[in-house]
Amino acid sequence: MSTSEYRSVDAESELPVSASELAALASQLFAAGIRPGPDTPPQAAPVAPRGSVPDATAVTSAGSTAAGGAQTPVPPAVPQGDVYVPAPTSYAPEGVPQTVPVAPRRNAPDLTAGPSAAYTVQSALDPFAVPSSAIVPTIPGVLAGAPPAAPIAPRGGTPGWLPEAPTVGDLGWSDAPPAPSGDEANYYFTAPAVVTEPEPVPVLPDEHEVFDVNAVRADFPILRETVNGKPLIWFDNAATTQKPQAVIDRLAYFYAHENSNIHRAAHELAARATDAYEEARDTVRRFINAARSEEIVFVRGTTEAINLVAYAWGGKHLKAGDEIVITHLEHHANIVPWQLISQQTGAILKVAPVDEAGNLLMSEFEDLLGPRTKLVAATQVSNALGTVTPVRQIVELGHRYGARVLIDGAQSIPHMPIDVQATGADFFVFSGHKIFGPTGIGVLYGTTEALEETPPWQGGGNMIADVTLERSLYQGIPSKFEAGTGNIADAVGLAEALRYV
């Protein structure tokens, strides 16, 4: 009969060995520590017999332990092929961590004195059961029992079966380390520790400026004004800024000591005015980190700077079917010039959308770009919402499609550091009056390459190198864009405002 088949056993006589002999063998196996492995599923109670099973109470003294000679109770048996083996009462894989010692696996408890009140009916069948009063809860499925009664080492003295341990005095030792000798004296770890006093922490002077609102207000004379009997508080900086006393004083000094036209006379005041004007150009260059002073063009403001690019650069390079891309965040000064030049040239004006929070949707912005895109114009900071746009990404995308890029910095110039070389824009424009400077003065920055390919916008005065009735020769950049007598005093005042900032 194969081990995979099952045949019920109707009578004890059909077993190959007697029930008593089988029970005795099983008890010996259990006493020897042989248990079902971890693959055997745990059971809460003995498995019911599947056929007529032998009476476990008839076990003879063959299963008695050597210690007490008492009969060892045998757990109920379960069929295993053609034979029966006792069912285990608990299952625990070898080596499972336990919080208390496991009950002994070999010698069963002595039951000759009869079960005590602490034993249950189940424990009478379990050779590994312990009194319920001694059970310590453990991990489910893990055997538990009372701690083993191992002898505890005495805390004082030496047991009689151990020799007396020598004391420190007997060995001639002392608590002091031995003095180094020979080369040992040079070892760094044998040298005596040198304790030095910590150096006092130096007291550094606190020289940074503390923002004192009253001191800042004192810089602006107009804030001493009263409106409806109240001190003036100015919140309209997005439209224009008030002027600090330093800018007012610089303008007054220019008119009192330097006033003259520039670049055309040989007298002292002309030299002073020309120097002040060109020094202002270099101050702007440093403020926005342009590569050359010649890349700075003085204009009346942001609006004029955008119009210069639209009519001069756009008038030369735009034609029918070309595309201009702007955004929904633009001030109308960065919309109307492009509408006008589109009407004149036949170019197409496209507008990039924003989301509900006023942020530019860059994926939609890029979708508007293509091989016909010639110019991108975008604000860096919205005058209405304060949205800050990713100008570096805008410039990168515009250049990827071969377009020139203009950035409107009218609102960004007073609030964040500007680095036109890092931004990479072809044109950058801003107004002086938005950054504590005078009105009527602004800046067009352009790369040398972009300005060189841009023709003059207005003619006359300072932009002329030589002129006859038949032809005119123009100055190079930036002078070719500064026709007529420029706003000399306010350019000087703008420089002072930038120094104040």
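Everything below is about the structure shown above.
Residues numbered from 1 in each chain as written. Predicted model: local features only at pLDDT ≥ 70, side-chain atom pairs only at ≥ 80, totals over all residues. Heavy atoms only, no water.

A.B. asks: Any details on the nonpolar core? Residues and values, ideally.
C.D. replies: In this structure, Val284, Ile288, Phe298, Phe365, Val376, Ile394 and Leu494 are the most contacted members of the largest nonpolar core, which totals 46 residues. Among all residues touching Ile394, those that are not within four sequence positions of it are Leu360, Met362, Phe365, Val376, Ala378, Thr389 and Val405. Counting residues in hydrophobic clusters, the runner-up holds 25 residues, among them Leu308, Ala312, Ala377 and Phe427. (Core = buried A, V, L, I, M, F, W, Y, C linked by side-chain atoms within 4.5 Å. Buried < 20%, exposed > 50% of the residue type's maximum accessible area, 1.4 Å probe, protein only. Contact = heavy atoms within 4.5 Å.)

A.B. asks: So what's going on with helix 13 (residues 488–500)? Which residues, and what values?
C.D. replies: Taking 1.5 Å as the rise per residue, helix 13 with 13 residues should run 18 Å; its terminal C-alpha atoms sit 19 Å apart, in good agreement. With respect to burial, helix 13 is a largely interior element, eleven of its 13 residues being buried. If you follow the buried residues of helix 13, they end up packed against helix 5 (245–258), helix 6 (268–288), strand 5 (296–299) and strand 11 (442–446). (Helix = DSSP H or I, 4+ residues; strand = E, 2+ residues; numbered from the N terminus. Expected span 1.5 Å × (residues − 1).)

A.B. asks: Provide a residue-level description of the packing of helix 5 against helix 6, including the pertinent values.
C.D. replies: Each pair of packed helices gets described by two things: the angle between the helix axes and the distance between those axes. Across the interface, helix 5 lies against helix 6 with an axial gap of 10 Å and an inter-helix angle of 155°. With respect to each other, helix 5 and helix 6 are oriented roughly antiparallel. Where helix 5 abuts helix 6, its residues Arg250, Phe254, His257 and Glu258 lie against Leu269, Arg272, Ala273 and Ala276. For the contact of helix 5 with helix 6, a count of residues per class yields four nonpolar, one polar and three charged. (Axes fitted to C-alpha atoms, helices over the stretch in contact; angles between N-to-C directions. Parallel < 35°, antiparallel > 145°, perpendicular 65-115°, else oblique. Nonpolar A, V, L, I, M, F, W, Y, C, P; charged D, E, K, R; others polar.)

A.B. asks: So what's going on with the pattern of salt bridges? Residues and values would help.
C.D. replies: For the structure on display, the rule yields 18 salt bridges. Ionic pairing is found between Glu278 and Arg281, a salt bridge with its closest N-O pair at 2.9 Å. Highlighted residues: Glu278 and Arg281, both in helix 6, separated by three residues, approximately one helical turn. Ionic pairing is found between Arg281 and Glu482, a salt bridge with its closest N-O pair at 2.9 Å. Here Glu482 lies in the loop between strand 13 (472–474) and helix 13 and Arg281 lies in helix 6, a separation of 201 residues in the sequence. You can call Glu482 buried: its relative accessible area is 7%. Connected through shared salt-bridge partners, Arg404, Asp426, Glu449 and Glu453 make up one network. (Salt bridge = Lys/Arg side-chain N within 4 Å of Asp/Glu carboxyl O.)

A.B. asks: Describe the side chain of Asp408, with residues and values.
C.D. replies: Inspection of the secondary structure puts Asp408 in strand 9 (residues 404–408). Although Asp408 lies buried, it forms no salt bridge, and the closest oppositely charged side chain, Lys434, sits 7.3 Å away as judged by the N-O distance. Asp408 has contacts with Thr302, Asn334, Ala378, Thr379, Gln380 and Val429, leaving out every residue within four places of it along the chain. (Lys, Arg positive; Asp, Glu negative; His and termini not counted.)

A.B. asks: So, the environment of Glu330: which residues are in play, and what are the values?
C.D. replies: Its location among the elements puts Glu330 in the loop between strand 6 (323–327) and helix 8 (336–345). Judged by relative accessible area, which is 8%, Glu330 ranks as buried. Residues Glu330 and Thr379, 49 residues apart in the sequence, show an inter-C-alpha distance of 6.0 Å. Among residues more than four places away in sequence, those in contact with Glu330 are Ile335, Ala377, Ala378 and Thr379. Of the polar contacts made by the side chain of Glu330, one reaches the side chain of Thr327; its length is 2.4 Å. In terms of polar contacts, Glu330 uses its side chain to reach the side chain of Asn334, at 2.8 Å. (Polar contact = N/O pair within 3.5 Å; in protein donor to acceptor, adjacent residues only side chain to side chain.)

A.B. asks: Requested: an account of the pairing of strand 8 (residues 373–379), with residues and values cited.
C.D. replies: With six of its seven residues buried, strand 8 lies for the most part within the structure. Pairing of strand 6 with strand 8, which is carried by three bridges, proceeds in the parallel orientation. For Val325, the partnering residue across the bridge sits in strand 8 and is Val376. In this sheet, strand 9 lies alongside strand 8 in parallel orientation, the contact comprising five bridges. Residue pairing for strand 9: Thr379 is matched across the bridge by Asp408. Running through helix 10 (residues 391–400), the crossover from strand 8 to the neighbouring parallel element strand 9 is right-handed. (Pairing = 2+ DSSP bridges. Right-handed = clockwise from strand over helix to strand, strands pointing away.)

A.B. asks: A description of the packing of aromatic side chains should follow, citing residues and the corresponding values.
C.D. replies: Summed over the entire model, instances satisfying the criterion amount to six aromatic pairs. Between Tyr277 and Phe298, the ring centres sit 5.2 Å apart and the planes meet at 55°, which makes this aromatic pair tilted. Taken together, the residues span a long stretch of sequence, with Tyr277 in helix 6 and Phe298 in strand 5 at a distance of 21 residues. As far as the burial class goes, Tyr277 and Phe298 line up, both buried. In this structure an aromatic cluster arises from ring pairing among Phe220, Phe436 and Tyr500. (Phe/Tyr/Trp six-rings, centres within 6.5 Å; stacked < 30°, edge-to-face > 60°.)

Treat this as a map of the structure, not an account of what it does.
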